[in-house]
Amino acid sequence: MSPLMTSIFTARLVLLPLSCEMIEKRLAHEEFNLIADTPEGPLSVHFDSQWAGGLRDLFPHLLEQMRRQGLAAQAGIFCVALRETGQAVGDIGTKGQPSAAGEQEIGYGFNPAHWGQGYATEAVSALVQQLVAQPEIKVVTAQTAQSNRASERVLEKLAFTRTGQSWDEEDGDLTVWSKSKH
């Protein structure tokens, strides 16, 4: 099984593959609980109304695509939960497939109640480690809104380098970041 289809554990977090069940429950309920199967055993996860804020608009399309492909979970996209309490605190994942040159873009978002606690840095570090362990991935990239200093600090801590600028209709001016495998 692909490393991007299994749970990833860090000291404080578990990155759970985004499942059809998570999406279905989020589309039906503002808050919900579910039991996630992990290699360390079942984990009771609580999803509050803030979870997956940035991904919600994509959920209907993603769910339809997953069902068409017969997938129970989406490779490369994860719910981030606290290991100790099972609280869902954010989401993280890859954006599309790697380019022909071996570049893989990532994105992440965390519930405002959990900002400033190092969870984003811990989760991004774990995902990047999984990605660069794959032979086809040469560079991991990300984009941050220039107004989002906290996201920039996450990437700086993890030795990403500013490599350019971009623009997005939703976020405006963006900084493009990259981290090479070696």
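Anything mentioned here points back to the structure above.
Here is what the cut-offs are and how they apply
Residues numbered from 1 in each chain as written. Predicted model: local features only at pLDDT ≥ 70, side-chain atom pairs only at ≥ 80, totals over all residues. Heavy atoms only, no water. Helix = DSSP H or I, 4+ residues; strand = E, 2+ residues; numbered from the N terminus. Rg over C-alpha atoms; globule rule 2.2 N^0.38 Å. Buried < 20%, exposed > 50% of the residue type's maximum accessible area, 1.4 Å probe, protein only. Areas by Shrake-Rupley, 256 points an atom, 1.4 Å probe, with all protein chains shown as cover. Lys, Arg positive; Asp, Glu negative; His and termini not counted. Charge placed at Lys NZ, Arg CZ, Asp CG, Glu CD. Salt bridge = Lys/Arg side-chain N within 4 Å of Asp/Glu carboxyl O. Arc of directions from axis to C-beta. Contact = heavy atoms within 4.5 Å. Core = buried A, V, L, I, M, F, W, Y, C linked by side-chain atoms within 4.5 Å. Pairing = 2+ DSSP bridges. Axes fitted to C-alpha atoms, helices over the stretch in contact; angles between N-to-C directions.

1. Side note on the overall build of the protein
What the protein contains, in helices and strands, is four helices and ten strands. Each helix and strand of the protein, placed in order from N terminus to C terminus, yields the pattern β-β-α-β-β-α-β-β-β-α-β-α-β-β. Taking 182 residues into account, the globule formula puts the C-alpha radius of gyration at 16 Å, and the protein, at 16 Å, falls close to it. Its C-alpha atoms put the protein at 40 × 35 × 35 Å along the principal axes. Sorting the 182 residues of the protein into buried and exposed places 47% on the buried side. A total accessible area of about 9500 Å² is found for the protein, and carbon and sulfur atoms account for 50% of it. Where the 15 positive side-chain charges of the protein centre and where its 22 negative ones centre are 6 Å apart.

2. Focus on the pattern of salt bridges
Counted by the stated rule, this structure contains ten salt bridges. Between Arg67 and Glu24 there is a salt bridge, with its nearest N and O atoms 2.6 Å apart. On the criterion of sequence distance, the pair formed by Arg67 in helix H2 (residues 59-69) and Glu24 in helix H1 (residues 20-28) is long-range, its members being 43 residues apart. On the accessibility criterion, Glu24 (34% relative accessible area) is partly exposed. For Arg83, the salt bridge goes to Glu40, with nearest N and O atoms at 2.7 Å.

3. Description of H2
Buried within H2 are the following residues: Phe59, Leu62, Leu63 and Met66. Along the axis of H2, the buried positions cluster into a sector of 100 degrees, meaning they face one direction only. For H2, the exposed residues lying more than 90 degrees away from the buried face are His61 and Arg68. In the core, the buried residues of H2 are packed alongside strand S2 (13-19), H1 and strand S5 (73-82). Trailing H2 by a residue or two, Gly70 shows a phi angle of about 70 degrees, which is positive.

4. Considerations on unusual backbone geometry
At Ala159, a residue that is not glycine, the phi angle is positive and equals roughly 65 degrees. Tracing the sequence through the fold places Ala159 in the loop between helix H4 (149-157) and strand S9 (161-168).

5. Notes on the nonpolar core
Formed by 28 residues in total, the largest nonpolar core has its most connected members in Ile92, Ile106 and Val124. Of all the secondary-structure elements, those providing two or more residues to this core are S2, S5, strand S6 (88-95), strand S7 (103-110), helix H3 (119-132), strand S8 (139-145) and H4. Among the elements that make up this core, the one with the highest residue count is H3 (eight residues). For Ile92, the contacting residues outside a window of four places in its chain are Leu15, Gly76, Ile77, Phe78, Val80, Gly107, Tyr108, Ala123, Val124 and Leu127.

6. A word on the environment of Cys79
Checked against the element boundaries, Cys79 lands in strand S5. Overall, Cys79 belongs to the buried group, its relative accessible area being 0%. C-alpha separation for the pair Cys79 and Phe110, spaced 31 residues apart in sequence, amounts to 9.8 Å.

7. Let's talk about the sheet that holds S5
Pairing in this open sheet of eight strands is mixed, and the strands run S1-S2-S5-S6-S7-S8-S10-S9 from one edge to the other. The sheet is open, and its two edges are formed by strand S1 (8-9) and S9, each paired on a single side. Bridge analysis of S6 against S7 gives six bridges, and the strand direction is antiparallel. Each residue of the ladder has a partner; that of Lys95, found in S7, is Glu105. Docked against the sheet, H1 engages S2 and S5, running at close to 80 degrees with respect to S2. The strands touched by H4 within the sheet are S7, S8, S9 and strand S10 (172-180), with S8 carrying the most contacts at an inclination of about 160 degrees.

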